[in-house]
Amino acid sequence: MAVVTLDKLSKQYGPTGPVVVDKVDLHIGDGEFMVLLGPSGCGKSTTLRMIAGLEEISSGKLSIGDRVVNQVPAKDRDIAMVFQSYALYPHMSVADNLAFGLRRRNFAAAEIERRVQDAANILGLTPLLTRKPSALSGGQRQRVALGRAMVREPMVFLFDEPLSNLDAALRVNTRSEIIKQHKRLGSTMIYVTHDQVEAMTMGTRICVMNAGRVAQIGAPLDVYWEPADTFVARFLGSPPMNLATAAVVAVDDSHVARSPSVETALTRWSPQVLGNLADQKVTIGVRAEDLHINKAALGGEPAGHVRGRTIAVEPLGAETLLLVEIESGVEWTARLPRHVPVAIDETVDLYFPANAVFVFDAMTGRAIIGEKRRDIRQ
Amino acid sequence: MAAMLAERAPLPRFFSRGALALVLGLYTIYTLGPFLWLATMSVRTTAEISADHYAWPKVFHWEQFRIAWVDSDFATYFWNSTIVVVGAVAVVTLLGAAAAHALARYRFRGNRLVYGILFSSIIFPPQITLISLYQILVDYNLYNSLLGLTLVYVSLQLPLTVYLLEGFFARIPQDLFDAAKIDGYGDLEIFRRIVLPIGMPAIATTLILNFIQLWNEFLFAVVLITDPDKRTLPVGIRAFMGDHFQDIGMIATGVMISVIPVIIVYIFFSEKLIRGMTAGAIK
Amino acid sequence: MTSISVPSVAEEGAQHAAPSLADPRRASWWVLTVFLAPALAVYVGLTAYPAFRTFYDSFFTIEGLDATFVGLDNYRALMSDETFWVSVRNTFIWSFIAPVLDVVTGLLLALALYAGVPAARFLRVAWFTPVLLSYVVVAILWMWIFNYDWGILNATLRAVGLEALASSWLGDPNLALGALIVTHAWKWAGFNMVVCLAAIHSLPREVLEASELDNCGWGAKLRYVIVPMLRPTLLNLYILAFIGKMKIFDLVWIMTQGGPLWATETVSTYVYKRAFNWNTFDLGYPSAIASVWFVVVCAAVIILNRLLATRERLEY
């Protein structure tokens, strides 16, 4: 079983140096496509390299398959890696690049030939086999890098931001190529990226990392709709989730969140939970696509309301982004359909379904979990 | 970076740490040993050396240096070298920088041709110019003169200087020059105010490099100077060795005198020196 | 760099108002002269002209101020001059073989430092030191090392019981050239080491990591990845070493003067002797030697460059 388990895996440079990976716990199942997602410097690449054996593990336990591999050298871990810079051997032809690892492992010539031809056919590299990497385009080079990993038929594939060096169109192509191979091979794949689009479209599960720690692990849509903290909430989704500080106030026999410019009912939380939060400050969040300028669009459902001054109107054709300053220094972005007749500096009222609100602890940023939203089809 | 690689790169299996350390230690002795031997011999008298060539000095005869300096004319040789080398380096740096700037910055017909001509003369064997230079200096009454030698030294180092500086100057962003032109600066001013300050690292490196090469230059010095009191240091040491080849102590002291300035420059500028001297070789 | 068309408002800053000079990459004839003329004057006067003159002189016999035209006589004499051919042979042996020693030593030393030994920084600086010493210093040191009676080499051999090997390193015609080659290599090893080390450090880290994942140990990495990727640098070093040894004079002159029995005679020492040491003091003949040698060196460099310099850039 190609299972990978990280047990409190940590990386520290020197006894007094910075801790770049801090006790990461992660279990990756057989055949899963796990995406390590996070901003630069969050430790995701270092984690991947520890799994690969290219970085020494400072503490914690790493298992691949059913054995602990902390001390096992990289070449014996039955993994293959696709690097950000492709890392092809510049002095060898494409065919030799593909065959190199197998030759060094003393595979039979016939077997090498078969695997190389297979990979070349699948990835469309057959006409390029005699060329050197310098004669290939970026997309072709990345496919060769992918092929080099595939011929190894490893237990686990590792990807270190493989699409970062490609332009937008190529990125989409190569992305679907990788997804296709994952479906075909069914291998376990661990994929590092800072691009949330890649994470959302490619992963069976994503692991969001922040400053060396795991922020949240889950299926992409689960993480999107139920973020564990404000960091994850804002990292996924474009434009990022709108946040505001508000106080929880008891009104009649229910509670509302209220701030100078926002007010909303809190329908997804039980009275006890809200009772505990009464008169405290919380951070509330509303996604840009949940904001409407037309209250009627919400039907008769309980709604929240936010008022602000328009700073910018960005008509994108299919939708319009409205930037609104709701308090000094706090800007909310609304994603509105098609054309919106609002001018700059106008005061505007926006409405959102009350059960689209997220609530986070004002101090720690951790989500205060309520009932699942009923309007989202999973 | 090297430290991180060291953390990861396991040593080859057939080299235990001990064996590698031994090999490296031996090589270091091989490299620095002769020099250390020279240093010890320079403070011992020839009599002591003849008795035991490898003993550590019991008495440090520092007066050997004074004797060599004053009595054996090493002072003269030293000053001759200083005059010639400092003069030549100053001139070649100025001329070379000006030419390098023009070649790097301005488009004109024949730019690459001029550069190619200057650059290709690096491979000239010295003999092709040696004999004629001898004749030319004689014709112009510059034979056996420090001035003549200085001029020849300038011509020797010019190709290398232009090559190194042109490479560096070409990498200065054109935007700086465009901005200066818009501000109304003339070409000569631009050279003085922009190229020289920004190019200072490369100029310093070239300067040190030329200094070392000319300080150690022998062939032209021995051909173009015959007066004993105009000799440069390498020639002087050689002559001294010829006259007193048994006087090992004194020769060692004299050699040390010639080596010390180089070592001092090296201690302060080792990185610059290493980088400068290997600049053209890295592809 | 793209040229900028500077609005005419700024043109009054320049000395000349010609429109083409609005382009900051063009300079007036006067400016170019100021920058280039001094250097070109030095070059023409002290390098180009003397070179041509040497070539010109080779067709004469020149004694003092008398120059007698002799046509190709000098060249004919050269063809049958045994000493000349011996010196050519010696110089070629040196120039083609010694660089291999230089480059291999440099690479090995660089790899030793790259493996991450402690004090690598100190060793790099220490091993570079001989490169800075003048040939005079190096020559004297090694003459003392090679000394038959008390030199380090023989003393060590005798101390470990290998007396039979103790020889007159500089006095034996069979050993002298080798001894000089070793001396010269001692001086230059550090240079090659530094260049190789810089080249190894500039190899892309991820390619080396990929090779580790491809089951390469140190030996395989060296053979299949590191050395092939270093090829341009190694060949460049070979050519540089080759050029240096074709020109060699100082070391030979001081240590053996071309002896014993012409075992270490190089073309440069021979030219020097014919020009300045012989009683005839004829400058025409050595000019011929110098001219021939000039052509040989240039041809060799061009041929070597064609043969060895990789045309395809190893892009990484």
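Note: the structure precedes this text.
Residues numbered from 1 in each chain as written. Chains lettered and ligands numbered in written order. Predicted model: local features only at pLDDT ≥ 70, side-chain atom pairs only at ≥ 80, totals over all residues. Heavy atoms only, no water.

> Is there a simple way to think about the overall build of chain A in this case?
On a plain count of helices and strands, chain A comes out with nine helices and 19 strands. For chain A, the C-alpha atoms occupy an extent of roughly 80 × 45 × 35 Å along the three principal directions. Considering only contacts within chain A whose residues lie at least 6 apart along the sequence, 66% involve residues at least 24 apart. Surface summary for chain A: the accessible area is close to 16,500 Å², and the carbon and sulfur share equals 51%. Side-chain charges in chain A split into 42 positive and 42 negative, and the spacing between the mean points of these groups amounts to 8 Å. (Helix = DSSP H or I, 4+ residues; strand = E, 2+ residues; numbered from the N terminus. Contact = heavy atoms within 4.5 Å. Areas by Shrake-Rupley, 256 points an atom, 1.4 Å probe, with all protein chains shown as cover. Lys, Arg positive; Asp, Glu negative; His and termini not counted. Charge placed at Lys NZ, Arg CZ, Asp CG, Glu CD.)

> What should I look at first to understand the sheet that holds strand E6 (residues 79-82) of chain A in this one?
Sheet strands pair via backbone hydrogen bonds, and the direction of the pair is either parallel or antiparallel. Residues and elements named next belong to chain A. Taking strand neighbours across the sheet as the criterion, the six strands line up as E6-E7-E8-E3-E9-E10 in an open arrangement whose pairing is mixed. The open sheet has two free edges, formed respectively by E6 and strand E10 (213-218), since each of these has just one partner strand. Across this sheet, the average inter-strand angle for adjacent strands is 20°, counted without regard to direction. Strand direction decides the pairing type here: E6 and strand E7 (residues 156-160), joined by four bridges, are parallel. Pairing of Val82 across the sheet is with Phe159, part of E7. (Pairing = 2+ DSSP bridges. Axes fitted to C-alpha atoms, helices over the stretch in contact; angles between N-to-C directions.)

> In this structure, what is going on with the packing of aromatic side chains? I would like to understand it.
When we look at a pair of aromatic rings, we describe it by the centre distance and by the angle of the planes. Applying the stated criterion to the full structure yields 49 aromatic pairs over all chains. With 5.3 Å between their ring centres and 20° between their planes, Trp37 of chain B and Tyr54 of chain B make a pair best called stacked. Here Trp37 of chain B is found in helix H2 (residues 17-42), whereas its partner Tyr54 of chain B is found in the loop between helix H3 (46-51) and helix H4 (63-70), with 17 residues between them in sequence. Taking the relative accessible area as the measure of exposure, Trp37 of chain B reaches 7% and is therefore buried. Aromatic ring contacts, followed pair by pair, group Tyr27 and Tyr30 of chain B together with Trp127, Trp142, Phe146, Trp169 and Trp186 of chain C into a single cluster. Between Arg104 of chain A and the ring centre of Tyr224 of chain C, over which it is positioned, the NZ or CZ distance is 3.8 Å. (Phe/Tyr/Trp six-rings, centres within 6.5 Å; stacked < 30°, edge-to-face > 60°. Buried < 20%, exposed > 50% of the residue type's maximum accessible area, 1.4 Å probe, protein only. Lys NZ or Arg CZ within 6 Å of the ring centre and 35° of its normal.)

> Help me understand the interface of chain A and chain C in this model?
Often, the extent of an interface is quoted as the loss of accessible area upon association of its parts. Contact with chain A, which involves 25 residues of that partner, is made by 20 residues of chain C. Of all residues in chain A, Pro90, His91 and Arg104 of chain A give up the largest surface area on contact with chain C, accounting jointly for 27% of the area buried on that side. At the surface where chain A touches chain C, the tally comes to nine residue pairs in polar contact (both at pLDDT 80 or more). Contributing elements (two or more residues each) for the side of chain A that touches chain C: helix H1 (44-52), E6, helix H2 (94-104) and helix H4 (138-151) of chain A. Of the residues forming the side of chain A that touches chain C, the biggest block, three residues, is contributed by H2 of chain A. In terms of residue class, the side of chain A that touches chain C is built from twelve nonpolar, five polar and eight charged. (Buried area = accessible area lost by both parts, 1.4 Å probe. Polar contact = N/O pair within 3.5 Å; in protein donor to acceptor, adjacent residues only side chain to side chain. Nonpolar A, V, L, I, M, F, W, Y, C, P; charged D, E, K, R; others polar.)

> Would you mind going over unusual backbone geometry with me for this structure?
Residues Ser238 of chain A and Pro239 of chain A are joined by a peptide bond in cis, for which omega reads 0°. Considering the arrangement of structural elements, one finds Pro239 of chain A in the loop between helix H8 (230-235) and strand E11 (242-251). Of note in this structure, Lys8 of chain A is not a glycine but carries a positive phi near 50°. Note on placement: Lys8 of chain A falls in strand E1 (residues 4-12). Its identity as a non-glycine residue notwithstanding, Asn141 of chain B has a phi of 65°, on the positive side. Residue placement: Asn141 of chain B occurs in the loop between helix H7 (127-139) and helix H8 (146-170).

> How should I be thinking about the pattern of salt bridges in this particular structure?
Pairs can form between side chains of opposite charge whenever their charged atoms are close. Scanning all chains against the criterion turns up 32 salt bridges over all chains. Glu55 of chain A is the partner of Lys11 of chain A in a salt bridge, and the nearest nitrogen-oxygen pair spans 3.6 Å. Of this pair, Lys11 of chain A sits in strand E1 while Glu55 of chain A sits in the loop between H1 and strand E4 (59-64); the two residues are 44 residues apart in sequence, bridging distant segments of the chain. Note on accessibility: Lys11 of chain A and Glu55 of chain A belong to one class, buried. The partner of Glu209 of chain C in a salt bridge is Arg49 of chain A, with the nearest N and O atoms 2.5 Å apart. With Glu209 of chain C in helix H8 (residues 205-213) and Arg49 of chain A in helix H1, the pair connects residues from two separate chains. For Glu209 of chain C, a relative accessible area of 0% translates into the label buried. Among the charged side chains, a salt-bridge network with shared partners connects Lys11, Arg49 and Glu55 of chain A together with Arg205 and Glu209 of chain C. (Salt bridge = Lys/Arg side-chain N within 4 Å of Asp/Glu carboxyl O.)

> I tried to follow the pairing of strand E17 (residues 330-337) of chain A on my own but got confused; where do I start?
For a regular strand, side chains alternate in direction, first toward one face of the sheet and then toward the other. All names here are of chain A. When strand E16 (residues 319-327) meets E17, the two strands line up antiparallel, connected through eight bridges. Bridged to Leu322 within E17 is Ala334. Linking two consecutive strands that pair antiparallel, namely E16 and E17, is a turn of two residues; a positive phi of about 85° is found at Gly329 within it.

> Sorry if this is basic, but what is going on with the nonpolar core here?
Note on soluble globular proteins: their nonpolar side chains tend to be buried together. Counting 237 residues, the largest nonpolar core has Leu158 and Ile190 of chain A, Phe169 and Val223 of chain B together with Trp127, Phe128 and Trp144 of chain C as the members making the most contacts within it. Top contributing element to this core by residue count: helix H5 (residues 74-105) of chain B, with 16 residues. Inspection of this core shows a minimum of three residues originating in each of domain 1 (20-61) and domain 2 (72-282) of chain B. Non-local contacts of Ile190 of chain A, meaning those with residues more than four positions away in its chain, are made with Val4, Ile28, Met34, Leu36, Leu48, Ile51, Val156, Phe157, Leu158 and Phe159 of chain A. (Core = buried A, V, L, I, M, F, W, Y, C linked by side-chain atoms within 4.5 Å. Domains from an automatic or database assignment.)

> Would you mind going over the interface of chain C and chain B with me for this structure?
Taken together, the 102 residues of chain C in the interface contact 96 residues of chain B. With both sides pooled, the region where chain C packs onto chain B buries about 9,400 Å², and carbon together with sulfur makes up 73% of that total. If you sort the residues of chain C by the area they bury against chain B, Arg25, Phe35 and Leu132 of chain C come out on top, with a joint share of 9%. Along the contact surface separating chain C from chain B lie two salt bridges. Glu271 of chain B serves as the salt-bridge partner of Arg124 of chain C, at 2.8 Å between the closest nitrogen and oxygen.

> Could you clarify how one ought to interpret the sheet that holds strand E2 (residues 19-28) of chain A in this entry?
All names here are of chain A. What the four strands build is an open sheet, ordered E2-E1-E4-E5; its pairing is antiparallel. Only two strands of the sheet have a single neighbouring strand rather than two, namely E2 and strand E5 (67-68). Two elements, E4 and E5, share two bridges in a ladder whose sense is antiparallel. In the sheet register, Ser63 faces E5, and the bridge partner there is Val68.

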